[in-house]
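Residue-level structural notes
Here is what each chain is made of, one letter per residue.
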Amino acid sequence: MIDSKKTFTETMAFRRTDWLALAVLLLLAFFWRSISLANSQLINNDGLVYLLQAKALYFRQSEMYLKVYPFPTNLSFMIAGLYHWLGDWILAGRLISLFFGGLTVLPLYGLARQFWQLPTAFIIVLTYSVSPTFVEFSRDILRGPPFWFFYTLGMLLFCRYLEKYDGRLLLAVILAFLLAAWSRIEGLLPLLMVGLWLLIDRRARSWSHLAIYCLTLLLPMLTSAYLMQFYPICNSIFKPFFVSVGERLTLLAHCHLNIRQALRDLAQSPPFGVAPYFFDETRHLLWFLALGVIGRCVVRAFSWPLLLLCFVGLWRRNKTVVGNDAQLRGRLFLVLMLIGAFLLFYGHVVLSWASSERFTAIIYFPFLIFLGFGIEKIVTLLQQKMRWQTRHSFIGLGLLWMALAFPQFFDHGRRDYKIPFKNFGQQLAAKHTSESGVRILSTTKAALYTYLYANLSQTQVRPLGEQCRIIGSCDIDENLLRKGGFDYLIVLDDDGSRTRLAQVLASGQVPQLRLVAEMTIPKYGRVYFYELP
């Protein structure tokens, strides 16, 4: 617990034990992530678009930068830079995620030490270091890990700013959050929260600090607007960054109204076997369904034990944990961040109804700090009920955290069923060496792995939809097979695409296709690889 009688600087001064604890946490974080990366043979599906963006940058094909993925990100710059030294696109992307995923321990530990003594801060950061969800994300090619680092760094610097109200710290805060926003657009939220704080906190409400805030945000906008007039690559990078914010706010209202209208239509003519009033009631409960999606993501990211521990600590927290004025202001800022993050996450769900745990990061890191209340509550119970010493209580809690996480951080073959698609792509890469690359037509998204590995060494970047098109089984027809310009077709038995292909071939308008490979793959059933004429 923090002694409120001490000054903020005296309480939070790093000692030798802090550096030792930080070294242990870094070692655990990188060890966990390295083992997880070694056990995973495949990257995530959407990692492909970041690799294509990096290729467009590296080979100076600025017109393709946003055609392969419509949002600019600093991840593609870092991949292109590291590829220059490694010569391996996939390894470059994964090492960047691993690096930032492990390095996030540094600002997170500093943030936890703003409010808690060393043992509690250690357990808080250990929770992140061994979290199966964030370990898994740290081995994939994602924008998340760089965002986590700059996001937590910005919160740490702002909490330091709340002690000294130093303009230089405010400048560092804004730069950190700008880099977070370049990683993920959600990084604009903490910038808005900082601006709001400068208006409501009388100590921060000075013309100099408001000028630093406004000019630091305005300068990149003016610079990018100037560069966009003369350099095509800058136009590709900066313009969507500003346009997408307004578009998403407009789409938010339209998506909500469209879903309500669709449910109203279904209520008037419900499918057979569905209660007639189901869709009408659901139309009025969309707000509750969005809460359910958010709750599901949060539970997966935190796990039930940690959530319960945190809420128990907040419900019956130790009243002696008060802290000084700077710590109280820091906690209030984190609460504001959580409120804003929840509203942002809620809007994202209403817009896309995506239920990936990666979007919980903006809630996860500020909420993790409040886990300290639950940790100290458990330690107090262990001391009172089991007569454990304080040191033994924290050691036991840390070992328990690792024991809960250890069985989950192995891959368990979650993507192993897609390895045949990767192997087929590698075979095609050895067979085809033309600059045009290999074009794939398929009814399954797993074919993206075939496309990735078949064209990994290609220097000419083309839009993904032109090179690898995913279609429905009913979309297979004579014109697509004869004039689509694709080299290979991948179809399945289970989705009816092979049956549809047989019907098309039976018409006699398409020459018989050569079957290159045929295999049974778990989840997909029987898969057929054809060479198109």
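Residues numbered from 1 in each chain as written. Predicted model: local features only at pLDDT ≥ 70, side-chain atom pairs only at ≥ 80, totals over all residues. Heavy atoms only, no water.

Our focus in this paragraph is the sheet that holds strand β5 (residues 525-531). Spatially, five strands are ordered β2-β1-β3-β5-β4 in an open sheet, and the strand pairing comes out mixed. Two strands lie at the open edges of the sheet, namely β2 (468-470) and β4 (514-521), each paired on one side alone. Across this sheet, the average inter-strand angle for adjacent strands is 15°, counted without regard to direction. Across five bridges, strand β3 (residues 488-492) lies against β5 in antiparallel orientation. Bridge assignment links Val 491 to a residue of β5, and that residue is Tyr 528. Along the sheet face, helix α21 (residues 419-431) touches β1 (440-442), β3, β4 and β5 and points at about 155° away from the line of β4. (Pairing = 2+ DSSP bridges. Helix = DSSP H or I, 4+ residues; strand = E, 2+ residues; numbered from the N terminus. Axes fitted to C-alpha atoms, helices over the stretch in contact; angles between N-to-C directions. Contact = heavy atoms within 4.5 Å.)

Summed over all chains, the structure comprises 38 aromatic pairs. The rings of Tyr 128, Phe 134, Phe 137, Trp 148, Tyr 364 and Phe 365 are connected pair by pair, giving a single aromatic cluster. Its guanidinium or amino end placed over the ring of Phe 486, Arg 439 lies 4.8 Å from that ring's centre, counting from NZ or CZ. (Phe/Tyr/Trp six-rings, centres within 6.5 Å; stacked < 30°, edge-to-face > 60°. Lys NZ or Arg CZ within 6 Å of the ring centre and 35° of its normal.)

A separate point is the pattern of salt bridges. Any two side chains of opposite charge can pair, on the condition that their charged atoms come close. Within the structure shown, the criterion is met by seven salt bridges. With a closest N to O distance of 3.0 Å, Arg 168 and Asp 166 form a salt bridge. The partner of Glu 186 in a salt bridge is Arg 184, with the nearest N and O atoms 2.8 Å apart. The class for Glu 186 is buried, based on a relative accessible area of 15%. Taking relative accessible area as the criterion, Arg 184 reaches 7% and is therefore assigned buried. (Salt bridge = Lys/Arg side-chain N within 4 Å of Asp/Glu carboxyl O. Buried < 20%, exposed > 50% of the residue type's maximum accessible area, 1.4 Å probe, protein only.)

What follows is about unusual backbone geometry. The phi torsion at Arg 60 lies on the positive side, around 60°, for a residue other than glycine. Counting through the fold element by element, Arg 60 comes out in the loop between α3 (47-58) and α4 (74-86). Classification of Arg 60 as exposed rests on a relative accessible area of 77%. At Lys 523, a position not held by glycine, the phi torsion is positive, near 80°. You can see Lys 523 is positioned in the loop between β4 and β5. We classify Lys 523 as exposed; its relative accessible area is 62%.

Before going further, it helps to spend a moment on the environment of Phe 150. Looking at the element boundaries, Phe 150 is found in helix α9 (residues 144-164). Expressed as a C-alpha distance, the spacing of Phe 150 and Ser 183, which sit 33 residues apart in the sequence, is 8.8 Å. Sequence-distant contacts of Phe 150, that is, excluding residues within four places in its chain, are made with Phe 100, Ala 176, Phe 177, Leu 179, Ala 180 and Ser 183.

Take helix α2 (residues 16-39) next. In a regular helix each residue adds 1.5 Å, so 24 residues correspond to 34 Å; α2 covers 35 Å between its end C-alpha atoms and thus fits that length. Every buried residue belonging to α2 is among Asp 18, Ala 21, Leu 22, Leu 25, Leu 28, Ala 29, Trp 32, Arg 33, Ser 36 and Leu 37, and all of these are buried. Buried residues along α2 sit in contact with α5 (89-103), α6 (105-113), α7 (118-129), α8 (132-137) and α20 (390-405). (Expected span 1.5 Å × (residues − 1).)

Quick look at the side chain of His 209 now. Mapped onto the elements of the fold, His 209 is located in helix α12 (residues 207-228). In this structure His 209 comes out as buried when scored by relative accessible area, which is 9%. Setting aside residues no more than four positions away along its own chain, His 209 makes contact with Tyr 161, Tyr 165, Asp 166, Gly 167, Leu 170, Leu 198 and Ala 204.

A cluster of nonpolar residues, Leu 285, Trp 287, Phe 288, Leu 291, Leu 332, Val 335, Ile 339, Phe 342 and Leu 343, forms a patch on the protein surface that exposes about 820 Å² of accessible area. Going through the elements one at a time, α15 (286-302) and α17 (325-352) are the ones with two or more residues in the nonpolar patch. Take the nonpolar patch: its biggest share by element is five residues, from α17. (Patch = residues over 30% accessible without salt bridge, like charges linked within 9 Å, V, L, I, M, F, W, Y side chains within 5 Å. Areas by Shrake-Rupley, 256 points an atom, 1.4 Å probe, with all protein chains shown as cover.)

All right, on to the packing of α6 against α9 then. Look at α6 against α9: their axes get within 8 Å of each other, and the N-to-C directions meet at 30°. By the angle class used here, α6 and α9 are roughly parallel. Here α6 and α9 pass one another in a crossing that is left-handed. Residues Pro 107, Leu 108, Gly 110 and Leu 111 of α6 pack against Phe 149, Thr 152, Leu 153, Met 155, Leu 156 and Cys 159 of α9. Its residues assigned to classes, the contact of α6 with α9 shows eight nonpolar, two polar and no charged. (Parallel < 35°, antiparallel > 145°, perpendicular 65-115°, else oblique. Left-handed = near helix turned anticlockwise from the far one by under 90°. Nonpolar A, V, L, I, M, F, W, Y, C, P; charged D, E, K, R; others polar.)

Counting buried positions along β5 gives five out of seven residues, so the element sits mostly inside the fold. Bridging between β4 and β5 involves seven bridges; their strand directions are antiparallel. Counted as the bridge partner of Leu 515 is Tyr 530 from β5. In textbook terms, the turn of a hairpin is the stretch between consecutive antiparallel strands, and for β4 and β5 this stretch comprises three residues, one of which, Lys 523, has a positive phi near 80°.

Put simply, the protein has an average pLDDT of 83, and 88% of its residues get 70 or more. Predicted confidence for residues 1-11 stays below pLDDT 50, and this span has 27 contacts to residues more than four positions away or in other chains. (pLDDT = per-residue confidence, 0-100.)

A separate point is the packing of α3 against helix α22 (residues 447-454). The interhelical angle for the contact between α3 and α22, taken along N-to-C directions, is 25°, at an axis separation of 11 Å. One finds that α3 runs roughly parallel with respect to α22. You can see that α3 and α22 cross each other, and the crossing is left-handed. Between α3 and α22, the contacting residues are Leu 48, Leu 51 and Leu 52 on the first element and Leu 448, Tyr 451 and Leu 452 on the second. For the contact of α3 with α22, the per-class residue count stands at six nonpolar, no polar and no charged.

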